[in-house]
Amino acid sequence: MKTASNDQPSTHWLARPFVGLALFVVCIGLAAVFLPRQQSEYAMLFTVVSISWFGVIVLWEWYQGRYANGRKTSLDWQLFGISLTWITFVERPLIFVAVWGLCYLLIPQHIGAWQYLQQDYFWGLLLAYVLIDELLHGGVHFFAHTRRVKNRWLAKLQSYYKATHRMHHLHGGTDDKGQLSATQTICVSWGWPSSLPNYWFGSFFTYMGLFEVWAVGALAKSLWGIHNHANLDYDRKLLAHPNSIVRNIMLVLCHILVFPNQHHEHHSRSQNSAKNMQNFIAIYDWLLWKTFVVSTTRPKIYGWRQKGAERDNAFYRFFHRDFK
Ligand SMILES: [Zn+2]
Ligand SMILES: [Zn+2]
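Since this is a predicted model, take the numbers as computed values, not measurements.

(A) Region of interest: the overall build of the protein chain. Helices and strands together make up the secondary structure of the protein chain, namely 12 helices and 0 strands. For the protein chain, the succession of helices and strands along the chain, N to C, is α-α-α-α-α-α-α-α-α-α-α-α. Relative to a compact globule of 324 residues, whose C-alpha radius of gyration would be 20 Å, the protein chain shows 20 Å and is just as compact. Taken over the C-alpha atoms alone, the protein chain extends approximately 55 × 55 × 45 Å along its principal axes.

(B) Representation of the confidence of the model for the protein chain in the model. Here the protein chain averages 90 in pLDDT, while 90% of its residues score no lower than 70. This model gives residues 1-11 a pLDDT under 50, and the stretch forms 24 contacts once residues within four places in sequence are excluded.

(C) Looking closely at the nonpolar core. Counting residues in hydrophobic clusters, the biggest one holds 19 residues, and the most contacted among them are L79, C187 and F318. With 7 residues, helix α3 (residues 74-106) is the single largest residue contributor to this core. Ignoring anything within four residues of it in the chain, the contact list for L79 reads C187, A314, R317 and F318. Counting residues in each nonpolar core, the second largest holds 10 residues, with C254, V258, A282 and F292 among its members.

(D) Up close: the environment of I301. Among the structural elements, I301 can be located in the loop between α11 (283-289) and α12 (314-319). When the C-alpha atoms of I301 and F54 are compared, they prove to be 24 Å apart, with 247 residues separating the residues in sequence. With residues up to four places along the chain from it excluded, the contact list for I301 reads D176, S268 and R269.

(E) Geometry of helix α7 (residues 211-229). Taking 1.5 Å per residue, 19 residues should reach 27 Å; α7 reaches 27 Å between its end C-alpha atoms and fits that length. The complete set of buried residues in α7 reads F211, V213, W214, G217, A218, K221, S222, G225, I226, N228 and H229. Contacts from the buried residues of α7 go to α2 (37-63), α4 (117-145), α6 (197-207) and α10 (260-266).

(F) Expanded view of unusual backbone geometry. For N69, which is not glycine, the phi torsion reads 55 degrees and is therefore positive. Mapped onto the fold, N69 is located in the loop between α2 and α3. What makes N69 exposed here is the crowd of 10 C-beta atoms within 10 Å. The backbone of K290 shows a phi angle near 60 degrees, a positive value even though the residue is not glycine. With 9 C-beta atoms packed within 10 Å, K290 lands in the exposed category.

Calculation rules
Residues numbered from 1 in each chain as written. Chains lettered and ligands numbered in written order. Predicted model: local features only at pLDDT ≥ 70, side-chain atom pairs only at ≥ 80, totals over all residues. Helix = DSSP H or I, 4+ residues; strand = E, 2+ residues; numbered from the N terminus. Rg over C-alpha atoms; globule rule 2.2 N^0.38 Å. pLDDT = per-residue confidence, 0-100. Contact = placed C-beta atoms within 7 Å. Core = buried A, V, L, I, M, F, W, Y, C linked by C-beta atoms within 7 Å. Buried ≥ 20, exposed ≤ 12 C-beta atoms within 10 Å, placed from the backbone. Expected span 1.5 Å × (residues − 1).

Okay, structure coming up:
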């Protein structure tokens, strides 16, 4: 990735506050006019439960002293505020409106067509939803981390993913004392949520009437992902437990679900940063991407090396990107 050419904040037009404010107003307006009440209620439920879970884990991390001594910086907090506001009020409503609008145009007769299936096949549909959502998410994340592809157009697309994903791997200060914490889950720069096919897929599920399946599946994924980013080490202790039965059970579980030790390795500054692409279902890392790694020790250094203005300017980090 190319280094920012100077240390000045980005002057990109999208970085100007009035653009963000205008987008905010437009998105809220579009969502209020075009999204049905049921969609808005489930989206609200998703947001309230996720934020409450953030609250519980943040209090625990704070109580345990996991923010002290440079483990978390004020910039990390600022980016949490910016990212959470943006994804909640701009990008996620925009994706819902776009998908619902497209479906109204293309398949108006199918609105709510699968709703009746929820009664009899809820758990099967939920499993299918989670497995497909995770596969789509993991696939794009793998593409963002993997070696640059040869095809010219695919390479351009990959540059977009690489540049847009970068911010998620920037946390802590330049003293390398930073560690991972729950709030980093949502710290992604603008354009990343819209580039995730699983968000579009989830919105399509709601158009087809599978509101409950989406709400439970998306929440399970969200709550589990927040727990994976949290500064927890119970799983490392179980992986290194003196009793071999406990160790082996934990190791088996790590092959099925992603635990904090795995996602913390993904956020390390090491070879393992290109491992563990999933944030919920580890089976894909293990069998499909071949990127499965577990660890009984904490990464020595967290977060990628920061360059130029991204070291100390939250808006620059959020809005700027280098596609080269
Ligand atoms: Zn990543
Ligand atoms: Zn992460």
